[in-house]
Amino acid sequence: MSMGMYAQPAPAVDERQITRRIAAGDREALSELYARYQRALFNYLLQLTPDYGLAEEILQDTLVAVWKSAHRFEGRSSLQTWLIGIARRQAHNTLRQHKLPIAGETEMEGLVATEPEPEAFTLASIARDELAEAFRQLAPLHREALVLIFVHELSYQESATILEVPVGTVKSRICNARRALRALLDAPEEARQ
Amino acid sequence: MMSRMSQNNQHIGDMLPAYLNGRLDTASAERVRTHLETCGECRHELVAWEAVSGATQLASASLPAPSPTLMNAVWGKIDEQEKSPAQQKSMQRVAHHLWLVFTRQIPLIHKSI
């Protein structure tokens, strides 16, 4: 299973084995899982909250939840998809407790645009650094969808499972994210500060 | 079933992100490749998605790592949660024992009165 920019060899058999060991109370196994997925999970959580301390707290709770529920992993999804799903639920619980906004709760999903858009030409001509800076200013909802697809390299179906939305919504969300990126780049320099 | 010709004429914009991240099945990836050979608009779309993908990866690469001692806090939380039920059972056993001692004293108290 691909792990995108965090790619490390993780054959399916290892995924079942490591969760079985965790379920049996093997602490070394949880440490191994953490070593393998810490960057991927922390990166994902930092899309949901800019607060480093809060993201760490959610990551801790995610690992506690993995420790308690490893016996439920059946290998129907990849381990990465399962872990990100747990991280997302923990994040939503914590954000709710802190009365912080949660990505997607007030979202208006648009239709998927399948026709080429005029901004396609200009997006490709903008410097990568400038695009990355605009990405950082996107709404958490849009950053989350783009990161699942382009960083974690998940399929539409896997992303839909994590986000608890239909596949069509994943497609429209990343299209909307691209439009939002374009809009940020069109905004006057001072408005983006 | 859609003919190969009409499939090739249909834009494949919504498949491009999955094509880029390598998560399309073989048949769909082949369909995208074939379409891209003849469709300039979709090739431009692909270039735009490559830019979005690259920016997403660049922004993600610069994010900080979690604290090296994070697992210590995790073990602390796990130990606390695992200890709690055991402590509760132990407290219940003590309370039950005290209750037994107390109830067995009642006849003695009654006699002494």
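Above: the structure in question.
Worth saying up front: this structure is predicted, and the values here are computed from it rather than measured.

**Student:** Residue-level account of a nonpolar patch on the surface, with values.
**Tutor:** Residue and element names in this part refer to chain B. Taken together, the side chains of Trp-99, Phe-102 and Ile-106 present a nonpolar region at the surface, about 340 Å² in accessible area. Its place among the elements puts Ile-106 in helix α5 (residues 70–112). Taking the relative accessible area as the measure of exposure, Ile-106 reaches 42% and is therefore partly exposed.

**Student:** Outline the environment of Glu-15 of chain A, supporting the account with residue identities and numerical values.
**Tutor:** Residues and elements named next belong to chain A. As for its placement among the helices and strands, Glu-15 is situated in helix α1 (residues 12–23). Considering only alpha carbons, one finds Glu-15 and Leu-79, 64 residues apart in sequence, at a separation of 6.1 Å. At 3.1 Å, the side chain of Glu-15 forms a polar contact with the backbone nitrogen of Leu-79.

**Student:** Tell me what's going on with the interface of chain A and chain B, and back it up with residues and numbers.
**Tutor:** Contacts between the two partners involve 53 residues from chain A and, on the opposite side, 43 residues from chain B. Buried area between chain A and chain B, both sides added, is near 4300 Å², and the carbon and sulfur share of it is 66%. Here chain A is connected to chain B by six salt bridges. Between Asp-14 of chain B and Lys-171 of chain A there is a salt bridge, with its nearest N and O atoms 3.3 Å apart. Every element with two or more residues in the side of chain A that touches chain B is listed here: α2 (27–48), α3 (52–69), α5 (119–125), α6 (128–136), α7 (140–150), α8 (156–163) and α9 (167–186) of chain A.

**Student:** Just give me the short version of the pattern of salt bridges, but keep the residues and values in it.
**Tutor:** As enumerated under the stated definition, the model contains 14 salt bridges over all chains in all. Between Glu-45 of chain B and Arg-178 of chain A there is a salt bridge; the shortest N-O distance is 2.9 Å. You can see Glu-45 of chain B sitting in helix α4 (residues 40–61) and its partner Arg-178 of chain A sitting in helix α9, one on each of two chains. Between Arg-182 of chain A and Asp-186 of chain A there is a salt bridge, and its shortest N-O distance comes to 2.6 Å. Note that Arg-182 of chain A and Asp-186 of chain A are positioned in helix α9 at a spacing of four residues, about one turn of the helix.

**Student:** Pulling in residues and values, what's your account of unusual backbone geometry?
**Tutor:** All names here are of chain A. Despite not being glycine, Lys-99 has its phi angle at roughly 55 degrees, a positive value. Positionally, Lys-99 belongs in the loop between α4 (79–97) and α5. Phi at Glu-164 takes a positive value of approximately 55 degrees, unusual for a residue other than glycine. On the secondary structure map, Glu-164 appears in the loop between α8 and α9.

So, how was this worked out
Residues numbered from 1 in each chain as written. Chains lettered and ligands numbered in written order. Predicted model: local features only at pLDDT ≥ 70, side-chain atom pairs only at ≥ 80, totals over all residues. Heavy atoms only, no water. Patch = residues over 30% accessible without salt bridge, like charges linked within 9 Å, V, L, I, M, F, W, Y side chains within 5 Å. Areas by Shrake-Rupley, 256 points an atom, 1.4 Å probe, with all protein chains shown as cover. Salt bridge = Lys/Arg side-chain N within 4 Å of Asp/Glu carboxyl O. Helix = DSSP H or I, 4+ residues; strand = E, 2+ residues; numbered from the N terminus. Buried < 20%, exposed > 50% of the residue type's maximum accessible area, 1.4 Å probe, protein only. Polar contact = N/O pair within 3.5 Å; in protein donor to acceptor, adjacent residues only side chain to side chain. Contact = heavy atoms within 4.5 Å. Buried area = accessible area lost by both parts, 1.4 Å probe.

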